[in-house]
Amino acid sequence: MKVLVIGGGGREHALVWKLAQSARVDKVYCAPGNPGIARISKAECVDLKLSEDFAEARQWARQNGIGLTVVGPEAPLVNGIVDAFEADGLRVFGPSRAASQMEGSKIFCKDFMLEAGIPTGAARYFTESEPALAYLKTLQPPYVIKAFGLAAGKGAVVAPSFKEAEDAVRDNLDRAIFGEASQRILIEEFLHGEEASMLAFSDGETVLPMSSAQDHKPIGEGDQGPNTGGMGAYSPAPVVTPSLEKEIFETVLKRAVDGLRARGIPYKGILYAGLMIGPNGEPRVVEFNCRFGDPETQPLLMRLETDLVDVMEAVVEGRLHEIELKWKADPAVCVVMASGGYPGDYEKGKSIEGLDDVAEDDSAVVFHAGTTADGDQIVTSGGRVLGVTASAPKLEDAIARAYEMCGKIRFEGAYLRTDIGRKALDREEA
Ligand code: AMP
Ligand code: GLY
């Protein structure tokens, strides 16, 4: 079978890497892909324009006999790529435009959670800054302000002071810094606790939860500083105990898929729950995403034993009940190497040295996220540049191996957090 993966970041590198391991897959195309993906022997990067109606991508998929298209990022999902491919009779893995509102509209998602009884923080929404500021004055810091639409991961602000909260409100409602996504905002209860990610495959009826994972959102050591797309991840996340995993499955993942189906929206694809585990172990949903997490996908797929094509086909064909997911017991860790200055302004085009000095195998892979080819040289092209991922029987060894690999790679201004996985080690020790 020929597979097409849409996207070109670390998540897509991990998806292509895993899909290419299937004996049933002859070729994996990736649009646009990246130089790390291009090095996989079954893979080929292609340039496809994703227009509003996805016409070029659909035509290309038909002409090239693509048996399955897998959509990595949220933007094309929210813009209806799945509906467009299905209308052409193409097999595609991902939620429809309606189902993708779980990520595409913070307000749709929050209303749905409150109606369906999915545990989450209280929230109110506003379209004018004066009533929003009046409401903020009734709350205690920190304040949580979110643009209602997609804002490339920058729409949520956790403001430690009233002044910063006011700026976030005005940036959206008075200055519309995210355009249409800024038209409305959500002011949300701040949730205390430790974050965890639980992802599931769903065919609209059956929900198959994955192993747990944890991201590291803030840029700085010890979770200080502004949020990023994610500076590292590991799986499993010991904060999610077996009983908590069951609770999250019942009250979050399954309740969401059942609730959407009852509203006439079958949810097919990946449902990602970003959770805050409170001080008494109570899970509450911070957000839903309609796709794999980045960088959680890198350690998750390194641990997945089941053939990913089998799982994705079962989702598309509505027979996920036939599938059992098998996980390697070894924990896996992904350390993100980022461009200096990220998540603020950063320079691009820095030569990346040492990639060939890293000894890679099934349990040690340098996933490319923001890289591009400049002649024979691989150079940086994004904020998050590489997701250096390793697994080992013991978590501390997986962490050590990932950092040892990072130590071989150099580019000007390279930045990484040195405490990825620390929270899991602390739990092991405790
Ligand atoms: P979101 O875009 O909704 O995923 O928010 C981005 C990040 O902001 C989350 O991963 C959390 O770290 C933080 N965050 C968002 N909402 C809240 C909340 N209600 N309470 C605490 N932290 C939050
Ligand atoms: N790692 C968080 C996300 O993918 O949204």
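Everything that follows concerns the structure shown earlier in this document.
Presented here is an overview of the structure given in this document. Keep in mind the model is a prediction, meaning the values are calculated, not measured.

## Description of the packing of aromatic side chains
Then comes step 1: Per the stated rule, a full pass over the model turns up eight aromatic pairs.
Then comes step 2: With 6.1 Å between their ring centres and 85° between their planes, Tyr-143 and Phe-162 make a pair best called edge-to-face. Of this pair, Tyr-143 sits in strand E7 (residues 143-147) while Phe-162 sits in helix H9 (residues 162-173), and the two are 19 residues apart along the sequence.
Then comes step 3: On the numbers, 6.2 Å between centres and 80° between planes, the contact of Phe-201 with Phe-292 is edge-to-face. Of this pair, Phe-201 sits in strand E10 (residues 194-203) while Phe-292 sits in the loop between strand E17 (283-289) and helix H11 (297-303), and the two are 91 residues apart along the sequence.

## Structural notes on the site of ligand 1
Then comes step 1: Lining the immediate surroundings of ligand 1 are 15 residues, of which Glu-189, Leu-191, Glu-195, Lys-217 and Glu-287 lie closest.
Then comes step 2: Taking Glu-188, its side chain carries an N or O atom lying 2.8 Å from a nitrogen atom of ligand 1.
Then comes step 3: In the model, a nitrogen atom of ligand 1 is placed 2.8 Å from a nitrogen or oxygen of the Leu-191 main chain.
Then comes step 4: Here ligand 1, which alone exposes 470 Å², has 91% of that area covered by the protein.
Then comes step 5: Within the residue set of the shell around ligand 1, elements represented by two or more residues are E7, strand E8 (156-159) and E17.
Then comes step 6: Classifying every residue of the shell around ligand 1 gives seven nonpolar, one polar and seven charged.

## Description of the site of ligand 2
Then comes step 1: Taken together, Asp-215, Lys-217, Gly-229, Tyr-272, Asn-289, Arg-291, Gly-293, Asp-294, Pro-295 and Glu-296 make up the full set of residues adjacent to ligand 2.
Then comes step 2: For ligand 2, whose accessible area on its own is 200 Å², the fraction buried by protein is 90%.
Then comes step 3: Of the residues in the shell around ligand 2, the class split is two nonpolar, three polar and five charged.

## A look at the sheet that holds strand E9 (residues 185-188)
Then comes step 1: The four strands lie next to each other as E6-E9-E7-E8, forming an open sheet whose pairing is antiparallel. Bordering the open sheet on either side are strand E6 (123-126) and E8, each of which pairs with just one other strand. Geometrically, the sheet is characterised by an average inter-axis angle of 20° between neighbouring strands, direction not taken into account.
Then comes step 2: Against the sheet, helix H7 (residues 106-116) makes contact with E6, E7 and E9, and its axis sits at roughly 45° relative to E9, the strand it touches most.

## A word on the packing of helix H1 (residues 10-19) against helix H12 (residues 308-316)
Then comes step 1: Viewed as axis vectors pointing N to C, H1 and H12 meet at an angle of 105°, and their least axial separation amounts to 8 Å. Taken together, the axes of H1 and H12 are roughly perpendicular relative to one another. On the side of H1, the interface is formed by Leu-15, Lys-18 and Leu-19, while H12 contributes Leu-308, Val-309 and Met-312.
Then comes step 2: Among the residues forming the contact of H1 with H12, the class breakdown is five nonpolar, no polar and one charged.

## A short note on the environment of Ile-277
Then comes step 1: Along the chain, the position of Ile-277 falls in strand E16 (residues 268-277).
Then comes step 2: A C-alpha to C-alpha distance of 20 Å links Ile-277 and Met-102, two positions 175 residues apart in sequence.
Then comes step 3: Residues within four places of Ile-277 in sequence aside, it is in contact with His-192, Gly-193, Glu-194, Ala-196, Val-239, Leu-244, Ile-248, Glu-282 and Pro-283.

## Brief notes about the state of the cysteines
Then comes step 1: The tally for this structure, following the rule as stated, stands at zero disulfides.
Then comes step 2: In this model Cys-30 remains outside any disulfide bridge; the closest cysteine sulfur is found in Cys-45, 5.7 Å from its own.
Then comes step 3: By relative accessible area, Cys-30 is classed as buried at 0%.
Then comes step 4: Here Cys-406 is not disulfide-linked; the sulfur of Cys-334 is the nearest cysteine sulfur, at 8.5 Å.

## Re the side chain of Gln-214
Then comes step 1: Here Gln-214 shows up in strand E12 (residues 214-215).
Then comes step 2: A relative accessible area of 1% means that Gln-214 is categorised as buried.
Then comes step 3: For Gln-214, the side chain forms a polar contact with the side chain of Glu-194, separated by 2.8 Å.
Then comes step 4: A polar contact is formed between the side chain of Gln-214 and the side chain of Tyr-234, at a distance of 2.2 Å.
Then comes step 5: Setting aside residues up to four positions removed in sequence, Gln-214 forms contacts with Glu-194, Glu-195, Gly-232, Ala-233, Tyr-234, Ala-237, Val-239 and Lys-423.

## A short note on the nonpolar core
Then comes step 1: Counting residues in each nonpolar core, the largest one holds 75 residues, and the members touching the most others are Leu-4, Ile-248, Val-252, Leu-253, Phe-288, Leu-386 and Ile-409.
Then comes step 2: Element by element, the count of residues in this core is highest for helix H10 (residues 242-262), at eight residues.
Then comes step 3: In contact with Phe-288, other than residues within four places in its own chain, are Met-102, Glu-103, Cys-109, Met-113, Ile-118, Val-252, Ala-256, Leu-271, Tyr-272 and Ala-273.

## Let's talk about the packing of H7 against H10
Then comes step 1: Running from amino to carboxyl end, H7 crosses H10 at an angle of 100°, the nearest separation of the two axes being 10 Å. Regarding the angle of H7 to H10, the classification is roughly perpendicular. Residue-level contacts link Phe-108, Phe-112 and Ala-116 of H7 to Arg-255, Ala-256, Gly-259 and Leu-260 of H10.
Then comes step 2: Class assignment of the residues belonging to the contact of H7 with H10 gives a composition of five nonpolar, one polar and one charged.

## A few points about the pattern of salt bridges
Then comes step 1: Scanning the model with the defined rule gives 38 salt bridges in all.
Then comes step 2: For the salt bridge of Lys-163 with Asp-167, the shortest nitrogen-to-oxygen distance reads 2.8 Å. Placement of both Lys-163 and Asp-167 in helix H9 is noted, with a separation of four residues, approximately one turn of the helix.
Then comes step 3: In this structure, Arg-261 and Glu-205 form a salt bridge, with 3.9 Å as the shortest nitrogen-oxygen distance. Note that Arg-261 is positioned in helix H10 and Glu-205 in the loop between E10 and strand E11 (207-209), a separation of 56 residues in sequence.
Then comes step 4: Owing to a relative accessible area of 53%, Glu-205 belongs among the exposed residues under this scheme.
Then comes step 5: The structure contains a network of salt bridges with shared partners spanning Arg-24, Arg-91, Asp-310, Glu-313, Glu-317, Arg-319 and Glu-322.

So, how was this worked out
Residues numbered from 1 in each chain as written. Chains lettered and ligands numbered in written order. Predicted model: local features only at pLDDT ≥ 70, side-chain atom pairs only at ≥ 80, totals over all residues. Heavy atoms only, no water. Phe/Tyr/Trp six-rings, centres within 6.5 Å; stacked < 30°, edge-to-face > 60°. Helix = DSSP H or I, 4+ residues; strand = E, 2+ residues; numbered from the N terminus. Near = heavy atom within 4 Å. Polar contact = N/O pair within 3.5 Å; in protein donor to acceptor, adjacent residues only side chain to side chain. Areas by Shrake-Rupley, 256 points an atom, 1.4 Å probe, with all protein chains shown as cover. Nonpolar A, V, L, I, M, F, W, Y, C, P; charged D, E, K, R; others polar. Pairing = 2+ DSSP bridges. Axes fitted to C-alpha atoms, helices over the stretch in contact; angles between N-to-C directions. Contact = heavy atoms within 4.5 Å. Parallel < 35°, antiparallel > 145°, perpendicular 65-115°, else oblique. Disulfide = S-S within 2.5 Å. Buried < 20%, exposed > 50% of the residue type's maximum accessible area, 1.4 Å probe, protein only. Core = buried A, V, L, I, M, F, W, Y, C linked by side-chain atoms within 4.5 Å. Salt bridge = Lys/Arg side-chain N within 4 Å of Asp/Glu carboxyl O.

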